[in-house]
Amino acid sequence: MNNDDILTIVKSIIVKVSPQYAAVDIQPSDSLKDIGLNSIERMEITMLVMEELDVDVPRIELLGPKNISELVSLLESKLEKAGV
Amino acid sequence: MVMQVGIEAINAYLGAASLDVKVLAEHRGLDIDRFYNNLIVEEKSVALPFEDPISLAVNAAKPIVDQLTPAEKDSIEMVIFASECGLDLEKAMATDLHHYLGLQRNCRLFEVKQACYAATAGLQSAINFVRTKPQAKALVVGADLYRQLDVIRGVNDYQEPNMGVGSVAMLVSCNPEILMVDLDANGYYGFHSYDDLHPMPYRHIGGDADLSLLTYMDCCEGSIKHYLSQIEGADYGSTFDYLAFHTPFVGMVKGAHRSMMRKFTDIKADDKIKKDFDRRVGPATQYCKRVGNIMCSSLYLALVGLVDHGDFNKNSRVGLYSYGSCCASEFFSGVIMQTAQDKLAKMEIKNHLDSRYSLSFAEYESLFEHDKTFEFGKNNFTTDKGAIPGAWEGIQGGGRLVLDKVDENFHRHYIWV
């Protein structure tokens with residue numbers, strides 16, 4: 001699974017959690033917070049992305065990324081480590 | 001016969017005033033649908049100037065103690081007070097509680113702090129105490145309240161509707177008519193973090209909402225995993241008839257339950273998970289969504305809600321998840337007894353919730369000036385009983401304890417009303 005695949009999954013989960021984002025052109029440089037998602041929505045997105053990708057890491061490790069692009073890179077590195 | 005240990009009696013005291021979150025949403029220009037669907041909150045209890053952790057705790061515990069015979073009352077040999085709203089760095093609030101309940105003096109008295117986990121630390125200590133001394137009873141009381149200082153400082157948005165006032169008291173003994181705990185069935189998980197701090201009273205400075213939500217989730221998974229690794233044959237999806245969670249707000253519990261279902265069971269579809277939530281977790285959310293987060297008592301308010309709203313024609317197993325920021329957590333279990341519902345009904349918790357004085361928004365905001373005065377180490381003041389006249393009138397004749405004044409020697413004076 002490459003960066004683009006993960007980005008597509010992240011975007012689809014954002015829309016699933018908050019459907020109003022279907023009409024928003026979300027960019028990799030955007031942060032979840034800056035585009036207006038509150039902390040509960042961000043928590044849901046993080047959890048659903050982990051479940052979708054089946055990565056088993058402490059959730060708090062996913063707090064570091066400052067934007068969607070960094071989140072995708074981190075997830076990719078976790079998947080690589082897990083040999084997926 | 002196998003030793004039975006657990007909660008003999010339980011009661012909750014949830015303050016004298018409340019605010020409907022619809023009123024809050026209207027005045028703050030916030031989306032009420034988000035409150036109802038995302039956070040899942042309906043009302044919150046609001047602290048009045050004459051309420052403090054000691055008065056709340058006494059008001060929760062007294063109806064339990066009043067039902068005991070003199071001999072039973074004298075068998076209370078331990079009082080544990082759990083709180084993150086301590087009033088003195090030396091004196092434990094357990095000593096005040098012991099005094100106002102009129103308990104005998106051969107009694108261990110102490111206070112416990114570990115954020116919202118503290119009451120569970122107290123409960124586990126009490127369980128271990130009565131295991132070694134089966135003729136004795138122990139009283140564990142959690143009490144916390146929120147004053148709106150974060151709101152005044154403008155650092156609060158979606159936290160404002162969540163923070164409440166309340167106390168839950170539990171009598172622990174070898175006659176567990178409410179909850180018989182599964183002895184030695186405990187999973188725990190903790191580590192150092194800075195997800196929520198109280199360096200000063202009533203100020204959640206340094207709190208990091210994202211970190212706290214995810215730490216809660218990590219601990220939930222970690223403590224359940226630890227529990228399942230120790231109890232042969234235990235299964236998250238089928239062992240527990242009901243589940244009760246520490247409830248900062250019900251939406252968070254819903255998220256945690258969904259995440260744990262996907263982690264520990266084969267049920268992955270949203271509609272099936274929702275159905276499981278409504279059946280196994282729903283009853284435990286009924287009171288929490290009307291009170292807000294009462295910190296270390298929140299899990300036990302969930303338990304009270306479950307006992308009042310669940311179906312107990314047979315003894316039913318419940319899994320309980322306790323979480324305290326920064327952080328410590330525990331997943332444990334027990335059996336809610338068939339006697340529990342009738343016994344708790346005498347406490348009339350729903351009537352108590354319905355009888356709280358419902359604040360207007362102007363009344364709610366008028367309390368902020370009082371909230372500002374609650375500094376740590378403050379003395380020489382008398383509390384304003386008439387700040388909300390309707391709330392003061394509403395508790396007259398109810399036999400409740402209220403804070404009257406703190407004198408120049410920092411002695412706290414209470415009165416019964």
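Here the structure is a predicted model, which means the values were calculated and not measured.

**A word on the overall build of chain A**
So, point 1. Secondary structure assignment for chain A yields 3 helices and 0 strands.
So, point 2. Going from N to C terminus, chain A has its helices and strands arranged as α-α-α.
So, point 3. Against the compact-globule benchmark of 12 Å for 84 residues, chain A has a radius of gyration of 12 Å, which places it among compact chains.
So, point 4. Dimensions of chain A along its principal axes, counting C-alpha atoms only, are 35 × 25 × 20 Å.
So, point 5. Counting every position in chain A, which comprises 84 residues, the buried fraction comes to 49%.
So, point 6. Once local pairs closer than 6 in sequence are excluded, the contacts in chain A between residues at least 24 apart make up 56%.
So, point 7. Here chain A displays about 4300 Å² of accessible surface, and carbon together with sulfur accounts for 48% of that area.
So, point 8. Looking at charge distribution, chain A has the averaged site of its 8 positive side-chain charges lying 6 Å from that of its 15 negative ones.

**Re the interface of chain B and chain A**
When the parts come together, some accessible area is lost, and that loss is often what is quoted as the size of the interface.
So, point 1. Counting from both sides, the interface comprises 22 residues of chain B and, opposite them, 17 residues of chain A.
So, point 2. When chain B packs against chain A, close to 1900 Å² is buried across both sides, 54% of that on carbon and sulfur atoms.
So, point 3. Per-residue buried area on chain B facing chain A is highest for B:Asp210, B:Leu214 and B:Asp218; these three make up 28% of the total on that side.
So, point 4. Our enumeration of links across chain B and chain A arrives at 7 salt bridges.
So, point 5. The closest approach of N and O atoms between A:Glu44 and B:Arg258, which form a salt bridge, is 2.7 Å.
So, point 6. Summed over the shared surface of chain B and chain A, the result is 10 residue pairs in polar contact (both at pLDDT 80 or more).
So, point 7. Elements supplying a minimum of two residues to the side of chain B that touches chain A: α2 (32-39), α8 (209-230) and α9 (250-264) of chain B.
So, point 8. Here the side of chain B that touches chain A takes 10 residues from α8(B), the largest share from any one element.
So, point 9. The residue makeup of the side of chain B that touches chain A, split by class, is 9 nonpolar, 4 polar and 9 charged.

**Describing helix α6 (residues 118-132) of chain B**
So, point 1. Compared with an ideal rise of 1.5 Å per residue, which puts 15 residues at 21 Å, α6(B) spans 22 Å between its outermost C-alpha atoms and is within 8% of the ideal.
So, point 2. Within α6(B) the residues assigned to the buried category are B:Ala118, B:Ala119, B:Thr120, B:Gly122, B:Leu123, B:Gln124, B:Ala126, B:Ile127, B:Phe129 and B:Val130.

**Re the domain arrangement of chain B**
All names here are of chain B.
So, point 1. For chain B, the domain assignment lists domain 1 (6-177 + 347-416) and domain 2 (182-339).
So, point 2. Here the C-alpha centroids of domain 1 and domain 2 sit 21 Å apart.
So, point 3. Listed by partner, the interface residues are 54 residues for domain 1 and 42 residues for domain 2.
So, point 4. Ranking the residues of domain 1 by area buried against domain 2 places Ile 40, Cys 116 and Tyr 117 at the top, with a combined share of 14%.
So, point 5. There are 4 salt bridges connecting domain 1 and domain 2.
So, point 6. Close ionic contact of Asp 184 with Arg 131 constitutes a salt bridge, the shortest N to O distance being 3.1 Å.
So, point 7. Our enumeration of links across domain 1 and domain 2 arrives at 22 residue pairs in polar contact (both at pLDDT 80 or more).
So, point 8. Per-element tally for the side of domain 1 that touches domain 2: the top contributor is α6, with 7 residues.
So, point 9. Its residues assigned to classes, the side of domain 1 that touches domain 2 shows 29 nonpolar, 11 polar and 14 charged.

**So, the environment of B:Lys62**
Residues and elements named next belong to chain B.
So, point 1. With respect to the secondary-structure elements, Lys 62 resides in helix α3 (residues 53-66).
So, point 2. Here Lys 62 falls in the partly exposed class, since its relative accessible area comes to 24%.
So, point 3. Note: C-alpha distance between Lys 62 and Gly 399 (337 residues apart in sequence) is 9.4 Å.
So, point 4. Excluding residues that lie within four positions of it along the chain, Lys 62 makes contacts with Leu 101 and Trp 416.

**Side note on the packing of helix α1 (residues 21-28) of chain B against α2(B)**
Residue and element names in this part refer to chain B.
So, point 1. For the pair α1 and α2, the least separation of the axes is 8 Å and the interaxial angle reads 135 degrees. It follows that α1 is oblique to α2 by the angle criterion. Contacts between α1 and α2 pair Val 21, Lys 22, Leu 24 and Ala 25 from the former with Ile 32, Phe 35 and Tyr 36 from the latter.
So, point 2. Its residues assigned to classes, the contact of α1 with α2 comprises 6 nonpolar, no polar and 1 charged.

**As for the sheet that holds strand β13 (residues 381-382) of chain B**
All names here are of chain B.
So, point 1. Here we have 3 strands laid out as an open sheet, ordered β13-β14-β15, and antiparallel in their pairing. One side of each edge strand has no neighbouring strand; the edge strands of this open sheet are β13 and β15 (412-416).
So, point 2. The pairing of β13 with strand β14 (residues 401-406) spans 2 bridges and is antiparallel. Each residue of the ladder has a partner; that of Thr 382, found in β14, is Lys 405.

**A closer look at the packing of aromatic side chains**
All names here are of chain B.
So, point 1. Enumeration according to the criterion identifies 14 aromatic pairs over all chains in this entry.
So, point 2. Both rings, one in Tyr 216 and one in Tyr 323, keep their centres 5.4 Å apart while their planes meet at 70 degrees; by these two values the pair is edge-to-face. Linking Tyr 216 in helix α8 with Tyr 323 in strand β10 (residues 316-324), this pair joins segments that are 107 residues apart in sequence. A single burial state applies to Tyr 216 and to Tyr 323, both of which are buried.

**Focus on the confidence of the model for chain A**
So, point 1. Looking at chain A as a whole, its pLDDT mean stands at 87, while 98% of the residues score no less than 70.
So, point 2. When pLDDT is averaged over each helix and strand of chain A, the minimum, 84, is found for helix α2 (residues 39-53) of chain A and the maximum, 92, for helix α1 (residues 3-17) of chain A.

**Looking at the pattern of salt bridges**
Opposite charge on two side chains makes pairing possible when the charged atoms of those side chains draw close.
So, point 1. All chains considered together, the criterion is met by 33 salt bridges over all chains.
So, point 2. As a salt-bridge pair, B:Arg262 and A:Glu51 come within 2.8 Å of each other at their nearest N and O atoms. With B:Arg262 in helix α9 and A:Glu51 in helix α2, this pair bridges two chains.
So, point 3. Here the salt bridges share partners, and the residues they tie into one network are A:Arg59, B:Asp218, B:Glu221, B:Lys225 and B:Lys263.

**Regarding the side chain of B:Ser298**
So, point 1. Its place among the elements puts B:Ser298 in helix α12 (residues 298-309).
So, point 2. We classify B:Ser298 as buried; its relative accessible area is 1%.

About the criteria used
- Residues numbered from 1 in each chain as written.
- Chains lettered and ligands numbered in written order.
- Predicted model: local features only at pLDDT ≥ 70, side-chain atom pairs only at ≥ 80, totals over all residues.
- Heavy atoms only, no water.
- Helix = DSSP H or I, 4+ residues; strand = E, 2+ residues; numbered from the N terminus.
- Rg over C-alpha atoms; globule rule 2.2 N^0.38 Å.
- Buried < 20%, exposed > 50% of the residue type's maximum accessible area, 1.4 Å probe, protein only.
- Contact = heavy atoms within 4.5 Å.
- Areas by Shrake-Rupley, 256 points an atom, 1.4 Å probe, with all protein chains shown as cover.
- Lys, Arg positive; Asp, Glu negative; His and termini not counted.
- Charge placed at Lys NZ, Arg CZ, Asp CG, Glu CD.
- Buried area = accessible area lost by both parts, 1.4 Å probe.
- Salt bridge = Lys/Arg side-chain N within 4 Å of Asp/Glu carboxyl O.
- Polar contact = N/O pair within 3.5 Å; in protein donor to acceptor, adjacent residues only side chain to side chain.
- Nonpolar A, V, L, I, M, F, W, Y, C, P; charged D, E, K, R; others polar.
- Expected span 1.5 Å × (residues − 1).
- Domains from an automatic or database assignment.
- Axes fitted to C-alpha atoms, helices over the stretch in contact; angles between N-to-C directions.
- Parallel < 35°, antiparallel > 145°, perpendicular 65-115°, else oblique.
- Pairing = 2+ DSSP bridges.
- Phe/Tyr/Trp six-rings, centres within 6.5 Å; stacked < 30°, edge-to-face > 60°.
- pLDDT = per-residue confidence, 0-100.

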